[in-house]
Amino acid sequence: MTFFAHRVDPAIGGSYMTLLNTFANLGGTWPSSFIMYLIGQFTVPPDCTVGEDGTEVCTGGRDAYFPLQMVMSILGCVWICVMGKRVQHVAELPDDAWRTHIGENEDGEEEMQEHKKGGKHA
């Protein structure tokens, strides 16, 4: 939130902040649903049978959490190695690089000044 608040463009303020926060929230929520789906797909339930003495005996089965944790951790490390410099570059961009620059050309500034003074009507 602080990252976005620092870089949000004052020209479009709240809308831009809402858009950036929406992307951040989506980026943090969909992976958990995807991982839970994968855990369900790769988990093998145990085979349970009732023994002659009436006790339940379960054999086999495999929980997919830890293997997926290892695979995703390795993928995260690879992503950091491949994209780390690019992410660092984007994080170090000056605040001006995040601005939209709406109406900053000379003609646009003159028109906006005249419109504020009441000289031109759209």
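Report on the accompanying structure. (Residues numbered from 1 in each chain as written. Predicted model: local features only at pLDDT ≥ 70, side-chain atom pairs only at ≥ 80, totals over all residues. Heavy atoms only, no water.)

## Observations regarding the environment of D63
Turning to step 1, where the next piece is worked out: Note on placement: D63 falls in the loop between β2 (56-59) and α3 (65-91).
Turning to step 2, where the next piece is worked out: Sequence separation between D63 and T43 is 20 residues; the distance between their C-alpha atoms is 4.9 Å.
Turning to step 3, where the next piece is worked out: A distance of 3.5 Å separates a polar atom in the side chain of D63 from the backbone nitrogen of Y65. (Helix = DSSP H or I, 4+ residues; strand = E, 2+ residues; numbered from the N terminus. Polar contact = N/O pair within 3.5 Å; in protein donor to acceptor, adjacent residues only side chain to side chain.)

## Examining the packing of aromatic side chains
Turning to step 1, where the next piece is worked out: Per the stated rule, a full pass over the model turns up two aromatic pairs.
Turning to step 2, where the next piece is worked out: With a centroid separation of 6.4 Å and 55° between ring planes, the pair formed by W30 and F34 is classed as tilted. Remark: F34 and W30 occur in helix α2 (residues 13-42); sequence separation between them is four residues, near one turn of the helix.
Turning to step 3, where the next piece is worked out: Exposure remark for F34: the relative accessible area of 41% places this residue in the partly exposed category.
Turning to step 4, where the next piece is worked out: Ring centres of Y65 and F66 lie 5.0 Å apart, and the angle between their planes is 85°; on these two criteria the pair is classed as edge-to-face.
Turning to step 5, where the next piece is worked out: A relative accessible area of 38% places Y65 in the partly exposed class. (Phe/Tyr/Trp six-rings, centres within 6.5 Å; stacked < 30°, edge-to-face > 60°. Buried < 20%, exposed > 50% of the residue type's maximum accessible area, 1.4 Å probe, protein only.)

## Some points on the packing of α2 against α3
For any two helices packed against each other, the geometry is given by the interaxial angle and the distance between the axes.
Turning to step 1, where the next piece is worked out: Remark: α2 packs on α3, axes separated minimally by 9 Å, with the N-to-C direction vectors making an angle of 130°. Between α2 and α3, the angle falls in the class oblique. Crossing hand, α2 versus α3: right-handed. From α2, I35, L38, I39 and F42 reach across to α3, where they touch Y65, L68 and M72.
Turning to step 2, where the next piece is worked out: For the contact of α2 with α3, the class distribution of residues is seven nonpolar, no polar and no charged. (Axes fitted to C-alpha atoms, helices over the stretch in contact; angles between N-to-C directions. Parallel < 35°, antiparallel > 145°, perpendicular 65-115°, else oblique. Left-handed = near helix turned anticlockwise from the far one by under 90°. Contact = heavy atoms within 4.5 Å. Nonpolar A, V, L, I, M, F, W, Y, C, P; charged D, E, K, R; others polar.)

## Section: the state of the cysteines
Turning to step 1, where the next piece is worked out: Going through the model one piece at a time under the given rule, you end up with one disulfide.
Turning to step 2, where the next piece is worked out: Each sulfur in the disulfide pair C48 and C58 lies 2.1 Å from the other. Residues C48 and C58 are joined through a disulfide that is right-handed, its torsion about the S-S bond being 105°. Taken together, the residues span a long stretch of sequence, with C48 in strand β1 (residues 47-50) and C58 in strand β2 at a distance of ten residues.
Turning to step 3, where the next piece is worked out: Here C58 falls in the partly exposed class, since its relative accessible area comes to 43%.
Turning to step 4, where the next piece is worked out: Between C77, a cysteine without a disulfide, and C81, which holds the nearest cysteine sulfur, the sulfur-to-sulfur distance is 6.8 Å.
Turning to step 5, where the next piece is worked out: A relative accessible area of 48% places C77 in the partly exposed class. (Disulfide = S-S within 2.5 Å.)

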